[in-house]
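Spelled out from the first residue to the last, the chains are:
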Amino acid sequence: MARILGGIGTSHAPSLAFAQDAGKENDPEWKEIFDAYHPAHAWLREKAPDTVVLIYNDHMNTFSDIVPAIAISVGETNPVIDEGWGKRPFPDCPNDPELAWHMVTHLVAHDFDITTCMSQQVDHGMLTPITLLFKPPWPVRIIGVSINAVQHPLPSPRRCWDLGREIRRAIESYTKDTKVVVLGTGGLSHQTTGPGFGHVNPDWDENFMTLLETEPETLADYTQDEIMLLGGTESVEVVNWICMRGALSDEVTCVHRFYAAPMLTGYGLLVLDDKMNEEK
Amino acid sequence: MPTETHSPHASVARRQAYRPLRLPDSIIVYDGARALRGRRLNQFALSIRDEEHRRRFVADETAYMKAEGLTPHEIDMVHRRDWLEIVKYGGNMYALIKVARALGISQARVGAQMRGEDFNAFMASRPVGSTGIASRDDLDQWRE
């Protein structure tokens, strides 16, 4: 039987990828941020997941003319692409198509109309977290769950929470022994569009991470407009974290938490152990 | 199993307990009208993900944008690097940032310009400190 061992929330900002690719992990302005990922590495080593369900949003790289509300990668691999500033030197990410199709079948049977994607391209929404958390050759298979956080109208936080709940039931009804970790990526506060460019809100980001751990369903009642005012227009992608939390049980332990907002984005990191599925 | 707390009606009631918001001008929503009007600009911006296309665009911006079917007004906005006008029109920053980077313009410079702020003044505003706005209960100034 498949089990969810826990979840990780992490930013997916390209700035982190640029710093990593330029070998700046130990530079003074970046060291604290990259060091903050070490406890997450240790936790992942201990849990040794087979498959990661990575909840993220595409940034017009796979979906622009056609924009699905929710899409799941169901092909053999998720190809790494050039987003317009050179392809990062990483191999394509192997998918877990058998579990992905099981999830899609379960979700559709429970009224979530999922777009299936044979070639869901890996943009920074997926690749930044993958390269922050793992080293190639990739030790896990990766199922990408893309939620539209770009072209309004967007799925509500409530819908994303419910999706996470149903993803949990889908995984728990998969008969093959599979250890699963759920990732929610994006945010936290940031705004890249318009006169409010550079909006960052550490107070909200810290509160968001606390609520996500302890009272997550409170966040499902927020509206996207409220999230935009609190965290900036592009921070609507925090629904990916809400969805991730929905896939965990009520009983979680915070293993690690980090936050910094040095420039344009609130970098958040939250590692949650699912107590329902602790190794006996 | 997770406890079953799902109740759409209760959720709607909790949302409606708050007065509606009026979004300020600092927030530009990329909605259907903008996606429709900005389609040519965004598809052009996305096309330069291809390295050869980037090279051709940078070598001759006008020729490339004409070939992509942009209108004279759209080409003019790109020439003037008027990012604020472009996003109001319907350009999406996720697509446009590819154009800016191809032209050697950083995201922070694009942003400072949209704010109407001097670049160095903007950089001096980082890191941002406490706002005192930590939850939906703190949004009264934007409610009707």
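Quantities reported herein were computed from a predicted structural model and do not represent experimental measurements.

So what about the overall build of chain B? Which residues, and what values?
Secondary structure summary: chain B contains ten helices and zero strands in total. Secondary structure elements of chain B occur, N-terminal to C-terminal, as α-α-α-α-α-α-α-α-α-α. For 144 residues, the compact-globule estimate of 2.2 N^0.38 gives 15 Å, and the C-alpha radius of gyration of chain B, at 20 Å, exceeds that figure by more than 25%. If you line up chain B on its principal axes, its C-alpha atoms span 55 × 40 × 35 Å. Out of the 144 residues in chain B, the part that is buried amounts to 26%.

Can you break down the interface of chain B and chain A residue by residue, with the values?
If you look at the interface, chain B gives 49 residues, while chain A gives 44 residues. Where the side of chain B that touches chain A is concerned, the elements lending two or more residues are helix 1 (8-16), helix 3 (39-47), helix 7 (83-89), helix 8 (93-102) and helix 9 (107-115) of chain B. Residues that form the side of chain B that touches chain A fall into these classes: 24 nonpolar, 14 polar and eleven charged.

Can you explain helix 1 (residues 14-21) of chain A? Please cite residues and give values.
Counting along an α-helix, one turn takes 3.6 residues, and residues three or four places apart therefore face a common direction. Where helix 1 of chain A is concerned, the buried positions are P14(A), S15(A), L16(A) and A17(A). Packing partners of the buried residues in helix 1 of chain A comprise helix 5 (124-133) of chain A.

Before we move on, could you go through the packing of helix 4 (residues 97-109) of chain A against helix 6 (residues 157-172) of chain A and cite the residues and values that matter?
Residues and elements named next belong to chain A. Close contact between helix 4 and helix 6 brings their axes to 9 Å; oriented N to C, the two are set at 125°. On the basis of the axis angle, helix 4 is oblique to helix 6. The element helix 4 and its partner helix 6 pack so that their crossing is right-handed. Where helix 4 approaches helix 6, its residues H102, M103, H106 and L107 are matched on the opposing element by E166, I167, R169 and A170. In terms of residue class, the contact of helix 4 with helix 6 is built from four nonpolar, two polar and two charged.

Quick notes on the rules
Residues numbered from 1 in each chain as written. Chains lettered and ligands numbered in written order. Predicted model: local features only at pLDDT ≥ 70, side-chain atom pairs only at ≥ 80, totals over all residues. Helix = DSSP H or I, 4+ residues; strand = E, 2+ residues; numbered from the N terminus. Rg over C-alpha atoms; globule rule 2.2 N^0.38 Å. Buried ≥ 20, exposed ≤ 12 C-beta atoms within 10 Å, placed from the backbone. Contact = placed C-beta atoms within 7 Å. Nonpolar A, V, L, I, M, F, W, Y, C, P; charged D, E, K, R; others polar. Axes fitted to C-alpha atoms, helices over the stretch in contact; angles between N-to-C directions. Parallel < 35°, antiparallel > 145°, perpendicular 65-115°, else oblique. Left-handed = near helix turned anticlockwise from the far one by under 90°.

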